[in-house]
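Residues per chain, in single letters:
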Amino acid sequence: MLRKCAAIACSLVLVLTSAAAAVEHPAELFSDDVSLIIRLKNPQATTKKVAEFAEVIDPGFGQMVTASAQGLGPIISNPTLAGVDQEKDWWVGVFASDQGRPTLVFVIPAKDTQAMQEAVTATQGVTFLAHESWGIYSADTWTMDSVRACIDGKKKPLVASVDQALRETFERGDLSVFLHVTQLAKVFDADIAKAKDELAALADNAPPGEEAMLEIYLDLAQPLFQSLEDATGAVVTLTVNQQGATLEALGKAKEGSETAKLLEEAPSENALLTKLPAGGQAYYAISSIPQALQDWSIKMMDLSAQLSDGNAEELDKIKVVMRRMQKLKLGGLAGMFAVTTEGDEAGVRTASIMEVAKPKQMRLLTKELMTAQSGLTISGVETNYELTEDAETFGQYKADTLKVEQTFEQNPFLDPNRMMEVFFGEEGMFSRTVYTETQVIQAMGSSKEPMAKILERLAQTDPPALSPELQVTRDALSKKANLIGMIDLPSTFSRVARLFLNSGVFPLPFDPDAISLTETTSFFGISLATESQGARAKVYLPAEQAKQSYLFGMEVYEAFLSMQQQQF
């Protein structure tokens, strides 16, 4: 008898222990019924960090952020934040429904559960549950039943089945959102199926002349629909400090799925970025040019054929050359552009480096491509190419030059030829290309300096370094990535604005000097990187970039105000 009682007691202890273990962490209060899990890390500390970031943008903004923190109360249905602990993480579970608005359950740390309960239940229909140091409440009984089931151990918490990389990414964020994609796809299954059917019907009944464009749309839509079927979950986070803000997203797919196979393209450190000259407003790099991108290039030729003025035969020749180019093994690509506002080099200048297994073959195919494209008229624009081989010398290398001339139809509102001159200078679209043993290097603009600098950096024994401003942003992005883009937005916009104002293309009645040139001090950045069964995106906004963007916006606003005052 004693042995039997002992066994029962042990069983009770195990049951109670497992139930208690089920709620050691707030994330464990949500079962696989939940659609989204949102967490605001330590609101007091996060508010302070956001305020420090805002203060860099403009003195006084930080104080405004701090003062507005009280506005978090209505968001969690507790306007006065009664009984709330603002130094611990806040959690919200979102339960989507195809029948109407989603329902919410709040899991909020409490200093005084009684005060919190009185505050939130003042709203009719709200159910409140005090559990340990947490106040759990919702206006929906079903969601509360789901939470209770997790507390009682009757339901498994969703977090137990979530990928480790998703959990780690979620934990890093000051504001984190987990998307239970599998559950969301089930909820909106009918809507997704309807969208598929409508897109298929549109493709089957494509208007004459729009078949190629619709095919491109279908090519883009198909991986999106497939990813909804294959995805297991996704996380989006925002992290802020005085130096900048980082938005990070990670999505994961089922092992062996079509989406997982699509994401098998290996990322790289994109070392070619360091070979580009400094002083540009934007830089980008691709670890390798995917086959899909080359396929789309050929499909764009089909679209061009539909827009061309009787040049279908010539476009077919171009597609033949491009298909031969597809057989070449293309590696990484890096490029940049700079905007110069004054002098002989005023305009947009670009440079790029591409790794190619057979550069000499690429050179021959480029010549064939330029010959086939020259003289084509598409959408009323005739384009001619003048390619000169071995036109210039850079040490041991010869450079081919290419001049592109376009003839536009007359436009009563805007002179396209003048626009081209503003963007590319009096010489027009003039570029030079050097073919090394492993690379194709191209620079656009009349000056030889960019090409000379790239060749010089390529020849250096020690790897050249990025500028300090670029390096800060590069370090904030994924170390290995398939795609990287970095741009100084205020510097780019201010320079382009000055180009147009100095040219008189748009006769706006205010002084070009009203828009000051922003010096390159920081870069907005984005990276996309594949990883095991997933893809990660990062976006980084330096506080200095936000500050300069704000100042540029204020300058434009004041210039337009001044213009309006002059008119009246």
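Just so you know, these numbers come straight off a predicted model, no measurement behind them.

Reading the values: rules and limits
- Residues numbered from 1 in each chain as written.
- Predicted model: local features only at pLDDT ≥ 70, side-chain atom pairs only at ≥ 80, totals over all residues.
- Heavy atoms only, no water.
- Helix = DSSP H or I, 4+ residues; strand = E, 2+ residues; numbered from the N terminus.
- Buried < 20%, exposed > 50% of the residue type's maximum accessible area, 1.4 Å probe, protein only.
- Contact = heavy atoms within 4.5 Å.
- Areas by Shrake-Rupley, 256 points an atom, 1.4 Å probe, with all protein chains shown as cover.
- Pairing = 2+ DSSP bridges.
- Patch = residues over 30% accessible without salt bridge, like charges linked within 9 Å, V, L, I, M, F, W, Y side chains within 5 Å.
- Salt bridge = Lys/Arg side-chain N within 4 Å of Asp/Glu carboxyl O.
- pLDDT = per-residue confidence, 0-100.

K.L.:
I would appreciate a short explanation of the overall build of the chain in the present structure.
P.N.:
A count of helical and extended segments in the chain gives 19 helices and 19 strands. Counting across all 568 residues of the chain, residues that qualify as buried make up 43%. A separation of at least 24 residues holds for 67% of the contacts in the chain among residues at least 6 apart in sequence. Of the roughly 29,900 Å² of accessible surface on the chain, a fraction of 57% belongs to carbon and sulfur atoms.

K.L.:
Honestly, the pairing of strand 2 (residues 90-95) in this entry has me stumped. Any pointers?
P.N.:
Working note: regular strand, side chains alternate between the two faces of the sheet. The buried fraction of strand 2 is high, at six of six residues. Side chains Trp 90, Val 92 and Val 94 of strand 2 all project onto a buried face; the interleaved residues Trp 91, Gly 93 and Phe 95 project onto the opposite face, where all are buried too. Two strands pair when backbone bridges link them, and strand 1 (residues 36-40) and strand 2 are joined in this way by five bridges, in the antiparallel orientation. Counterpart to Leu 40 in the pairing with strand 2 is Trp 90.

K.L.:
How should a nonpolar patch on the surface be read in this particular structure?
P.N.:
On the surface, a cluster of nonpolar side chains totalling about 270 Å² of accessible area is made up of Leu 175, Val 236, Leu 238 and Leu 247. Summarising the element assignment, Leu 247 is placed in strand 8 (residues 244-253). For Leu 247, a relative accessible area of 39% puts it in the partly exposed group.

K.L.:
Even after reading the chapter, I still don't get the pairing of strand 3 (residues 103-109), so can you show me in this structure?
P.N.:
Within strand 3, five of the seven residues are buried, which leaves the element mostly enclosed by the surrounding structure. Of the pairings in the sheet, the one linking strand 2 to strand 3 comprises five bridges and is antiparallel in character. Within strand 3, the position partnered with Val 94 by the bridge is Leu 104. Strand direction decides the pairing type here: strand 3 and strand 5 (residues 134-138), joined by five bridges, are antiparallel. Residue Val 105 lies in a different strand from strand 5, and its bridge partner there is Ser 138.

K.L.:
Hey, could you run me through the confidence of the model for the chain in this one?
P.N.:
With 86% of its residues at a pLDDT of at least 70, the chain reaches an overall mean of 85. Low confidence marks residues 1-22, where pLDDT is under 50. Its contacts with residues over four positions away, or in another chain, come to five contacts.

K.L.:
What am I meant to see in the pattern of salt bridges here?
P.N.:
Any two side chains of opposite charge can pair, on the condition that their charged atoms come close. In total, this model carries 19 salt bridges according to the counting rule given. The residue Lys 252 makes a salt bridge to Glu 531 at a minimum N-O spacing of 3.9 Å. Highlighted residues: Lys 252 in strand 8 and Glu 531 in strand 18 (residues 524-531), separated in sequence by 279 residues. With relative accessibility at 25%, the residue Glu 531 sits in the partly exposed group. A salt bridge links Arg 536 to Glu 531, with the shortest nitrogen-to-oxygen separation between them at 2.9 Å.

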